Each structure stands twice: as structure tokens, then as C-alpha cells.
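Commentary on secondary and tertiary structure
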Amino acid sequence: MTILDRVAATIDSRKLANGGDPATSYVSKLFAKGDDAILKKIGEEATELVMAAKDARAAGDAGKVLYECADLWFHSLVLLAQFDLTPQQVLDELARREGVSGIAEKAARPDA
Ligand SMILES: N=c1c2ncn([C@@H]3O[C@H](COP(=O)(O)OP(=O)(O)OP(=O)(O)O)[C@@H](O)[C@H]3O)c2ncn1[C@@H]1O[C@H](COP(=O)(O)O)[C@@H](O)[C@H]1O
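In this report, we go over the structure that sits alongside the text. (Residues numbered from 1 in each chain as written. Predicted model: local features only at pLDDT ≥ 70, side-chain atom pairs only at ≥ 80, totals over all residues. Heavy atoms only, no water.)

With respect to the overall build of the protein chain
Across its full length, the protein chain carries 6 helices and 0 strands. Expected size for 112 residues packed as a compact globule is a radius of gyration near 13 Å; at 17 Å, the protein chain overshoots this value by more than 25%. For the protein chain, the spread of C-alpha atoms along the three principal axes comes to 50 × 40 × 30 Å. Split into buried and exposed, the 112 residues of the protein chain put 22% on the buried side. Residue pairs at least 24 apart in sequence account for 49% of intrachain contacts in the protein chain once pairs closer than 6 positions are excluded. On the protein chain, roughly 7900 Å² of surface is accessible, and the fraction owed to carbon and sulfur atoms is 60%. (Helix = DSSP H or I, 4+ residues; strand = E, 2+ residues; numbered from the N terminus. Rg over C-alpha atoms; globule rule 2.2 N^0.38 Å. Buried < 20%, exposed > 50% of the residue type's maximum accessible area, 1.4 Å probe, protein only. Contact = heavy atoms within 4.5 Å. Areas by Shrake-Rupley, 256 points an atom, 1.4 Å probe, with all protein chains shown as cover.)

What follows is the structure, encoded as C-alpha cells:
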């Protein structure tokens, strides 16, 4: 089991339907608040990642980029769980795209 699978399993166990307790679990607290709270965190964490990258360029230190990226990935895992999706499904989508040039794919779209 990969770390993504293990964290996803923990997140799933934090759903209120699975006995998660918002008093003791950050993830359960997010699930209790619902879609908007989770989406707000995704927006915040994405912005924090952007700022960390800008700072990293200025300071020549990319350490904070890793930290903020982990925050964004973690909250994305919570969002996936909210929609009963799994990290494996995202990995499968990346695998499906593997080797297909983004430029060629875009050019092949019907509206291109
Ligand atoms: N990977 C994480 C993880 N990364 C970040 N966070 C939390 O995400 C929260 C938001 O981070 P911020 O820096 O934005 O903090 P903040 O500004 O105070 O945010 P708010 O509380 O205001 O939303 C913090 O409480 C972090 O501790 C995480 N909380 C949990 N996990 C994983 O989820 C598991 C289950 O966590 P619990 O449900 O809390 O037991 C843990 O064992 C970990 O594996």
C-alpha cells in the first residue's frame, strides 16, 4: 500500500458515516462542514503553494514548496473522498494520458 492509499484510507475512516469524530479529527471536522469548507481549503492551499513558489524563486530555497504542495495534495485527497473517488483513479487517469503530448491532445479537441 502506498502512502497515498494509506492516507486515503485514514481519510475515509474519518467520514462521519464511518464513525469519524469532528471533536478529535481535523478531517472529520472538514467532512462535517461539507463541500464549501473543503473547497475553501483547496483554494487557500493552492494560493499558499503559489506564494511559496514565488518566495522560493526569490530566496533560492524550494523547501517550502514541498511543504505547501503536501498540504494541497492532502486536501485534494479529502476532496476526492468527499466525492467517493480514490487516488488510484487519479493515477489511472494520469496513466491513461501517459505519452500523449499535451499540445497534440489539445489540437485534437473538436473545438480546437
Ligand atoms: N496529512 C495531513 C495533514 N496535512 C495538513 N493537515 C492539517 O491541515 C490543517 C490546515 O493547515 P493550515 O496550515 O492551513 O492551518 P490553519 O490555517 O490553521 O487551517 P484551519 O484550521 O484554519 O483550516 C492543519 O490543521 C494541519 O494540521 C493535515 N491533517 C491530517 N493529515 C493526515 O490525515 C490523517 C488524519 O488526520 P485527523 O483527521 O486530524 O486525525 C493524519 O493522520 C495525517 O495522515
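Focus: the side chain of Ser 28
Mapped onto the elements, Ser 28 comes out in helix H2 (residues 26-33). Exposure remark for Ser 28: the relative accessible area of 0% places this residue in the buried category. Separated by 3.3 Å, the side chain of Ser 28 and the backbone nitrogen of Asp 21 make a polar contact. In this structure Ser 28 touches Arg 14, Leu 16, Gly 20, Asp 21 and Pro 22, once residues within four positions along its chain are discounted. (Polar contact = N/O pair within 3.5 Å; in protein donor to acceptor, adjacent residues only side chain to side chain.)

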